[in-house]
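# Results of the structural survey
Each chain is listed here by its residues.
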Amino acid sequence: MAKPTDQNDIHERGEVIAPETSGELTHELTLYAEPVAHVGNFPITNAMVTSFAAVIIIALIAVVLRMRLREIPRGIQNFFEAMLEGALNLCDQVTNNRRISLKVFPLALSVFLFILVNNWLGLLPLGGIGVIENGDHGPAFVPFLRSGTADINTTIALAIMAVVAANIFGILSIGIWKTFNKYVNVKALGGIFVRLQKDPTVLVVAPVTFFVGLLELIGEFAKVASLSFRLFGNIFAGEVLLLAMSAIFAYALPIPFIFLEIFVGLIQALIFSILVLVYFTIAASDHDEHENHEDKKTIHV
Amino acid sequence: MESIISTFHIDWKIIVAQAINFAIVFGVLYFLALKPLQKLMEERSERIARGVDDAKRNAALLESSEKEYQEALTKARAEAQAIFQEGKNEAETKRAEILEKTHLEVEVMIANGKKTLEDEKVKIVEEAKNEIATLAIEATKKILIADADQIEKIK
């Protein structure tokens with residue numbers, strides 16, 4: 001295990017350096033995942049190694065669960081059934097619709113487990129296992145395990161998949177025309193000619209609605225950015241925090257922060273998956289129906 | 001944008017690789033764990049719901065059967081009571097009839113006995129009379145013979 005000193009240094013590029021020995025071998029915690037091997041041109045980063053491990057762990061759990069499925073649940077099946085029920089109820093609270101919950105739930109649970117296992121694997125005290133590579137400041141120690149979600153590539157991949165899947169789900173739920181009109185509100189512009197005589201304010205409202213649609217389109221890209229950077233920022237900050245605590249007082253001081261990071265890992269996985277649920281629910285909701293409903297309510301009042 | 005990509009080492013190849021990783025997790029979880037588990041839970045829920053319905057139906061059935069049983073029991077008791085009462089009445093009537101008949105028979109028998117006794121008595125008295133008469137005749141005869149002998153002897 002590397003013995004950190006209090007001579008840590010935070011460089012301009014956001015690298016936290018904990019010198020392993022008297023200035024020769026350094027342990028750099030970089031903003032990006034470091035390659036530990038190459039397959040042709042393809043770099044295998046330490047975050048990918050963790051992700052592979054996460055995939056294997058989840059697959060093993062799934063296989064064991066499948067093999068032990070019984071009519072009368074016992075052991076691991078009891079735990080998963082309780083978790084499934086609880087998670088489905090939580091989904092219902094977000095979607096307010098059991099049908100949507102049942103459709104989105106598998107994806108949301110997969111996202112949750114994948115992120116959770118990745119987050120927690122990064123906390124394993126196996127930082128001493130790795131390779132020594134030539135870094136920016138001389139020979140640097142690169143650990144094999146780095147939380148998969150502490151690499152922006154992983155979080156971007158998850159965020160893109162979530163946003164794209166939400167839009168596909170929206171198209172399947174309310175149709176391609178209504179989904180298209182959410183972003184490029186042609187219908188609102190067309191409404192100018194239809195409703196102008198009845199309601200002259202449409203001249204102002206329709207362009208605003210069209211512009212709001214465009215904002216929604218930009219919002220989809222913002223969703224990818226916010227999802228990916230939130231998760232990456234939190235997990236990477238946790239790793240920096242642990243490294244800093246190790247540098248201040250090795251072994252003892254990081255322990256409470258490891259518990260904190262376990263909690264943060266759980267919360268972040270939960271936030272990501274709940275946001276995925278929210279995006280799916282929004283994508284499946286029909287704005288027109290909602291507006292019509294509001295109009296009816298107003299008329300009724 | 002360029003600086004963000006270079007600072008964070010954003011690499012589309014790694015993004016694709018991580019997306020594939022997640023797709024594997026989703027596939028494995030969905031097909032090996034979630035789908036069978038949900039199916040099993042749904043089947044169990046249906047079975048439990050069916051069981052509860054059956055139990056409710058059985059309870060209702062049991063209640064109605066209990067009611068029917070009680071009604072049948074009450075009816076049977078009433079019928080049994082009626083039959084018993086009828087039987088008892090019949091038995092009473094029969095008993096009275098038999099007693100009456102027996103009384104009559106006994107009376108007839110007593111009357112017959114008395115008559116037989118009377119007849120026997122008359123017969124015995126008659127016979128006794130006959131005997132006495134016979135004896136008297138014989139005695140008279142013997143006396144007369146003896147008297148005749150004595151007269152002869154005296155002669």
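Residues numbered from 1 in each chain as written. Chains lettered and ligands numbered in written order. Predicted model: local features only at pLDDT ≥ 70, side-chain atom pairs only at ≥ 80, totals over all residues. Heavy atoms only, no water.

### Re the overall build of chain B
Secondary structure summary: chain B contains 2 helices and 0 strands in total. Computed over the C-alpha atoms, the radius of gyration of chain B is 62 Å, more than 25% above the 15 Å expected from 2.2 N^0.38 for a compact globule of 155 residues. Expressed along its principal axes, the backbone C-alpha trace of chain B runs to roughly 210 × 30 × 15 Å. Taken over 155 residues, chain B has a buried fraction of 14%. For chain B, the exposed surface amounts to about 12,700 Å²; the carbon and sulfur share of it is 63%. Across chain B, 24 positive and 29 negative side-chain charges occur, with their mean positions spaced 3 Å apart. (Helix = DSSP H or I, 4+ residues; strand = E, 2+ residues; numbered from the N terminus. Rg over C-alpha atoms; globule rule 2.2 N^0.38 Å. Buried < 20%, exposed > 50% of the residue type's maximum accessible area, 1.4 Å probe, protein only. Areas by Shrake-Rupley, 256 points an atom, 1.4 Å probe, with all protein chains shown as cover. Lys, Arg positive; Asp, Glu negative; His and termini not counted. Charge placed at Lys NZ, Arg CZ, Asp CG, Glu CD.)

### Side note on the packing of helix α3 (residues 98-121) of chain A against helix α2 (residues 12-154) of chain B
A pair of packed helices is characterised by two quantities: the angle between their axes and the separation of those axes. Across the interface, α3(A) lies against α2(B) with an axial gap of 9 Å and an inter-helix angle of 125 degrees. The angle between the axes of α3(A) and α2(B) places the two elements in the oblique class. The crossing of α3(A) and α2(B) is right-handed. Mapping the contact onto sequence places A:Leu102, A:Phe105, A:Pro106, A:Leu107, A:Leu109, A:Ser110, A:Val111, A:Leu113 and A:Phe114 in α3(A) and B:Gln18, B:Asn21, B:Phe22, B:Val25, B:Phe26, B:Leu29, B:Tyr30, B:Leu34 and B:Gln38 in α2(B). Tallied by class, residues from the contact of α3(A) with α2(B) come to 14 nonpolar, 4 polar and no charged. (Axes fitted to C-alpha atoms, helices over the stretch in contact; angles between N-to-C directions. Parallel < 35°, antiparallel > 145°, perpendicular 65-115°, else oblique. Left-handed = near helix turned anticlockwise from the far one by under 90°. Contact = heavy atoms within 4.5 Å. Nonpolar A, V, L, I, M, F, W, Y, C, P; charged D, E, K, R; others polar.)

### A look at the side chain of A:Thr281
Residue and element names in this part refer to chain A. Residue position: threonine 281 is located in helix α8 (residues 254-284). Judged by its relative accessible area of 16%, threonine 281 falls in the buried class. Looking at threonine 281, its side chain comes within polar contact range of the main-chain oxygen of leucine 277, at 2.6 Å. When residues no more than four places from it in sequence are discounted, the contact partners of threonine 281 are Val94 and Thr95. (Polar contact = N/O pair within 3.5 Å; in protein donor to acceptor, adjacent residues only side chain to side chain.)

### Quick word on a nonpolar patch on the surface
Residues and elements named next belong to chain A. Residues Trp120, Ile255, Phe259, Ile262, Phe263 and Leu266 make up a contiguous nonpolar surface patch of about 570 Å² in total accessible area. Along the chain, leucine 266 turns up in helix α8. Exposure remark for leucine 266: the relative accessible area of 32% places this residue in the partly exposed category. (Patch = residues over 30% accessible without salt bridge, like charges linked within 9 Å, V, L, I, M, F, W, Y side chains within 5 Å. Salt bridge = Lys/Arg side-chain N within 4 Å of Asp/Glu carboxyl O.)

### A few points about the UniProt feature "transmembrane region" (unreviewed entry) in chain B
UniProt feature "transmembrane region" (unreviewed entry): in the numbering of this structure it lies at residues 12-34 of chain B. Within residues 12-34 of chain B, the helical portion is 100% and the strand portion 0%, while the C-alpha atoms at the span's ends are 30 Å from each other. (UniProt positions renumbered as here; feature names shortened; annotations may be inferred.)

### Regarding the UniProt feature "transmembrane region" (unreviewed entry) in chain A
Residue and element names in this part refer to chain A. In the numbering used here, UniProt assigns the "transmembrane region" (unreviewed entry) feature to residues 44-65, 107-132, 152-180, 201-219, 231-251 and 258-282. Helix makes up 91% of residues 44-65 and strand 9%, and the two end C-alpha atoms of the span are 30 Å apart. Across residues 231-251, helical content stands at 86% and strand content at 0%; the span's end C-alpha atoms are separated by 26 Å.

### Structural notes on α2(B)
The periodicity of an α-helix, 3.6 residues per turn, causes residues three or four places apart in sequence to face the same way. Of all the bends in α2(B), the largest measures some 45 degrees and sits at B:Tyr30. At the N-terminal boundary of α2(B), the capping side chain belongs to B:Asp11, with an oxygen 3.0 Å from the backbone nitrogen of B:Lys13. (Bend = angle between axes of the 7 residues up to and from the residue.)

### Some details on the pattern of salt bridges
All chains considered together, the criterion is met by 7 salt bridges over all chains. With a closest N to O distance of 2.7 Å, A:Glu81 and B:Arg44 form a salt bridge. Of this pair, A:Glu81 sits in helix α2 (residues 76-95) while B:Arg44 is found in helix α2, placing the two residues in two different chains. Just as A:Glu81 is buried, B:Arg44 falls in that class too. The salt bridge partner of A:Glu220 is A:Lys223, with a shortest N-O separation of 2.8 Å. Here A:Glu220 and its partner A:Lys223 are both found in helix α7 (residues 202-248), 3 residues apart, which amounts to about one turn of the helix.

### Some thoughts on the packing of α3(A) against α8(A)
Residues and elements named next belong to chain A. Taken N-terminus to C-terminus, the directions of α3 and α8 make an angle of 155 degrees; their axes are 8 Å apart at the nearest point. With respect to their mutual orientation, α3 and α8 come out roughly antiparallel. Considering only the axes of α3 and α8, their crossing is right-handed. Note on element contacts: α8 touches α3 through Ile262, Gly265, Leu266, Gln268, Ala269, Leu270, Phe272, Ser273, Val276, Leu277, Phe280 and Ala284, opposite Ile100, Val104, Leu107, Ala108, Val111, Phe112, Ile115, Leu116, Asn119 and Trp120. Counted by class, the contact of α3 with α8 contains 18 nonpolar, 4 polar and no charged residues.

### What to know about the interface of chain B and chain A
Contacts between the two partners involve 30 residues from chain B and, on the opposite side, 46 residues from chain A. For the pair chain B and chain A, the two sides together bury roughly 3,600 Å², of which 76% comes from carbon and sulfur. When the area that chain B buries against chain A is broken down by residue, the three leading residues are B:Phe8, B:Gln18 and B:Phe22, summing to 19%. At the junction of chain B and chain A, the tally comes to 2 salt bridges. Here chain B is connected to chain A by 7 residue pairs in polar contact (both at pLDDT 80 or more). Contributing elements (two or more residues each) for the side of chain B that touches chain A: α1 (2-8) and α2 of chain B. No other element matches the 24 residues that α2(B) contributes to the side of chain B that touches chain A. Of the residues that constitute the side of chain B that touches chain A, the class distribution is 21 nonpolar, 5 polar and 4 charged. (Buried area = accessible area lost by both parts, 1.4 Å probe.)

### Re the environment of A:Glu81
Looking at A:Glu81, the relative accessible area reads 8%, which means it is buried. Excluding its chain neighbours within four sequence positions, the residues that come into contact with A:Glu81 are A:Pro73, B:Leu37, B:Leu40, B:Met41 and B:Arg44.

### What to know about the nonpolar core
All names here are of chain A. In this structure, Phe105, Leu227 and Phe272 are the most contacted members of the largest nonpolar core, which totals 54 residues. Ranked by residue count, the leading element in this core is α3, at 14 residues. Not counting the four nearest positions on each side in its chain, leucine 227 is found in contact with Ala159, Ala162, Val163, Phe272, Leu275 and Tyr279. Formed by 11 residues, the second largest nonpolar core is a distinct cluster that contains Ile152, Ile156, Ala157 and Phe236. (Core = buried A, V, L, I, M, F, W, Y, C linked by side-chain atoms within 4.5 Å.)

### Let's talk about the UniProt feature "coiled-coil region" (unreviewed entry) in chain B
Here, the residues flagged by UniProt with the feature "coiled-coil region" (unreviewed entry) are residues 52-86 of chain B. From the first C-alpha to the last, residues 52-86 of chain B spans 49 Å; its make-up is 100% helix and 0% strand.

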